[in-house]
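So the chains spell out like this:
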Amino acid sequence: NKPSVFVDVKFFYRLTSYTTGSVDPKPTNELKTTVEAIIKDGNLFSTYTMNQEEAQDKDFTIKLYVYHNEGITALTCALTGYTLGLIPCFKQDHLVLKADILNKHGEKIGQYENSDSLTSYWGWLVLPIKSEKNNKNKVAGQVIANMIVDALNKIIPKNLNEAP
């Protein structure tokens, strides 16, 4: 018997820690689309919703929060721009996925955390491998999707017996 779930998805951007930063609506909406596709593909639940108003009718709540932090090296890219690319720079994007599963009573019964980083290079010396923004976003989206699939595979099966 497959459980029903409420899936709470949020994307926090430009964090200095997990306690600061704000939800970024555009990536959150893109993340919701990705999560929806993963859930439909996985066929893990009888029903699911991302609508907060329908949460109380579900067996579980799954919180999928992605935290994004640009490394301090992003500041050095100003020097690259000033020198018209003669001095190269790199920028790191750190991504963390935190997933929690809560039962109908709001008690945490499972958790998951995973992280990854993407590095982008700019400058004349690295022109052949220059990272385009769209490619970086596509790669970041795939990295996040892989982390979400891994999270669902790890936290759902061992907690299915908790369903009422």
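**A word on the pairing of strand 1 (residues 4-13)**
Counted residue by residue, strand 1 has 8 buried out of 10 residues, so it is predominantly covered. Inspection of the sheet shows strand 1 paired to strand 3 (residues 47-49) by 3 bridges, in the parallel sense. Looking at the pairing, Phe 6 lines up with Thr 49 of strand 3. The pairing of strand 1 with strand 2 (residues 22-23) spans 2 bridges and is classified as antiparallel. Residue pairing for strand 2: Tyr 13 is matched across the bridge by Ser 22.

**A closer look at unusual backbone geometry**
With a phi angle near 50°, Asn 43 is a residue other than glycine that sits in the positive phi range. Checked against the element boundaries, Asn 43 lands in the loop between helix 1 (25-42) and strand 3.

**A closer look at helix 1**
The terminal C-alpha atoms of helix 1 lie 25 Å apart, and with 18 residues this matches the ideal 26 Å at 1.5 Å per residue to within 8%. Listed as buried for helix 1 are Pro 27, Thr 28, Leu 31, Val 35, Ile 38 and Ile 39. Projected down its long axis, helix 1 carries its buried residues within an arc of 110°, all on one side. Those residues of helix 1 that are exposed and aimed more than 90 degrees away from the buried face are Pro 25, Lys 26, Thr 33, Lys 40 and Asp 41. Looking one or two places after helix 1, you find Asn 43, whose phi comes out positive at around 50°.

**Focus: the environment of Ser 120**
Inspection of the secondary structure puts Ser 120 in strand 6 (residues 108-122). By relative accessible area, which is 2% here, Ser 120 ends up buried. Spatially, the C-alpha atom of Ser 120 lies 8.3 Å from that of Asp 93, the residues being 27 residues apart in sequence.

**Structural notes on the pattern of salt bridges**
Enumeration over the complete set of coordinates arrives at 5 salt bridges. A salt bridge links Glu 113 to Lys 98, with the shortest nitrogen-to-oxygen separation between them at 3.7 Å. Here the residue Glu 113 occupies a position in strand 6, and Lys 98 occupies one in strand 5 (residues 89-102), the gap between them amounting to 15 residues. A relative accessible area of 48% means that Glu 113 is categorised as partly exposed. Between Lys 108 and Asp 100 there is a salt bridge, and its shortest N-O distance comes to 3.7 Å.

Cut-offs applied
Residues numbered from 1 in each chain as written. Predicted model: local features only at pLDDT ≥ 70, side-chain atom pairs only at ≥ 80, totals over all residues. Heavy atoms only, no water. Buried < 20%, exposed > 50% of the residue type's maximum accessible area, 1.4 Å probe, protein only. Helix = DSSP H or I, 4+ residues; strand = E, 2+ residues; numbered from the N terminus. Pairing = 2+ DSSP bridges. Expected span 1.5 Å × (residues − 1). Arc of directions from axis to C-beta. Salt bridge = Lys/Arg side-chain N within 4 Å of Asp/Glu carboxyl O.

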